[in-house]
Amino acid sequence: MKITKYGVTLNRLTQDKIEMVRQWRNNPKISQFMEYRENITFEMQQKWFEEINNDNNYYFIIEYENKEVGLVNVKNIDYKEKEGEAGIFIYDDSLLNSTISFQAILCLYDFCFETLNLDKMIAHTFRNNKRAIKFNKIFGYQISENQERIENQMYILRKKEYFENRSYISLNLE
């Protein structure tokens, strides 16, 4: 599966790319922001891929200018509740202060809300990760109730708020 929109391409994660993702994920510049921060072994990565390679989880390699630069995903999709949990990281340091993360998330959320017909996205963010919190709020995420003192806070984005913010965000990318 390949989705091209907003100047990026999202390629569904395949077996031949999981070692690259494992190397990215084990790098402290990425792992410091993850709930699971221990070293991921080759065997652990294989098992993880077997568990997530289904229609309840969509992991995509972000491609920009023919270069693989990060990973974006929606996981633990509950089709009955019409919700999933989103995540993203950009591995390529030269793109950290660019619009690539916005482009990739717009592409993912369009897929989630329009193709998968989800109504709500969830994001977990450590409360000291001010950059991620600011990023999520731009899309319309709001912190869930009783999360202020929790270390790994839950934020919710509803379809309506996303579409209200999407045109503003995409206009500012042009």
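Quick caveat: nothing in here was measured; it's all calculated off a predicted structure.

Note that Asn152 resides in strand 8 (residues 152–158). On the basis of relative accessible area, Asn152 is assigned to the buried category, the value being 17%. Here the side chain of Asn152 touches Thr125 through a polar contact of 3.4 Å, landing on its backbone nitrogen.

With that out of the way, let us pick up the nonpolar core. In a soluble, globular protein the nonpolar side chains are often hidden away together inside. Within the largest apolar cluster, 36 residues are counted, with the highest numbers of intra-cluster contacts made by Leu10, Val74, Leu108, Tyr109, Met121, Phe139 and Tyr141. The dominant element in this core, judged by the number of residues it contributes, is helix 4 (residues 100–115), at eleven residues. The next biggest cluster of nonpolar side chains, apart from the first, holds eleven residues, and it includes Ile30, Ile52, Ile61 and Phe89.

What follows covers the side chain of Glu83. Examined against the element boundaries, Glu83 turns out to sit in strand 5 (residues 83–90). Of the polar contacts made by the side chain of Glu83, one reaches the side chain of Lys120; its length is 3.0 Å. Other than its neighbours up to four places away in sequence, Glu83 contacts Asn76, Ile77, Asp78, Leu118, Lys120 and Ile122.

For the structure on display, the rule yields zero disulfides. Looking at Cys107, it has no disulfide partner, and the nearest cysteine sulfur is the one in Cys112, 10.0 Å off. By relative accessible area, Cys107 is classed as buried at 1%.

Time to look at the packing of helix 4 against helix 5 (residues 130–139). Running from N to C, helix 4 and helix 5 cross one another at 50°; their axes reach a closest spacing of 12 Å. The angle between the axes of helix 4 and helix 5 places the two elements in the oblique class. Note on packing geometry: the crossing formed by helix 4 with helix 5 is right-handed. For the pair helix 4 and helix 5, the contacting residues are Ser101, Phe102, Ile105, Leu106 and Tyr109 in the first and Phe135, Ile138 and Phe139 in the second. When grouped by side-chain class, the residues that make up the contact of helix 4 with helix 5 number seven nonpolar, one polar and no charged.

Rules behind the numbers
- Residues numbered from 1 in each chain as written.
- Predicted model: local features only at pLDDT ≥ 70, side-chain atom pairs only at ≥ 80, totals over all residues.
- Heavy atoms only, no water.
- Helix = DSSP H or I, 4+ residues; strand = E, 2+ residues; numbered from the N terminus.
- Buried < 20%, exposed > 50% of the residue type's maximum accessible area, 1.4 Å probe, protein only.
- Polar contact = N/O pair within 3.5 Å; in protein donor to acceptor, adjacent residues only side chain to side chain.
- Core = buried A, V, L, I, M, F, W, Y, C linked by side-chain atoms within 4.5 Å.
- Contact = heavy atoms within 4.5 Å.
- Disulfide = S-S within 2.5 Å.
- Axes fitted to C-alpha atoms, helices over the stretch in contact; angles between N-to-C directions.
- Parallel < 35°, antiparallel > 145°, perpendicular 65-115°, else oblique.
- Left-handed = near helix turned anticlockwise from the far one by under 90°.
- Nonpolar A, V, L, I, M, F, W, Y, C, P; charged D, E, K, R; others polar.

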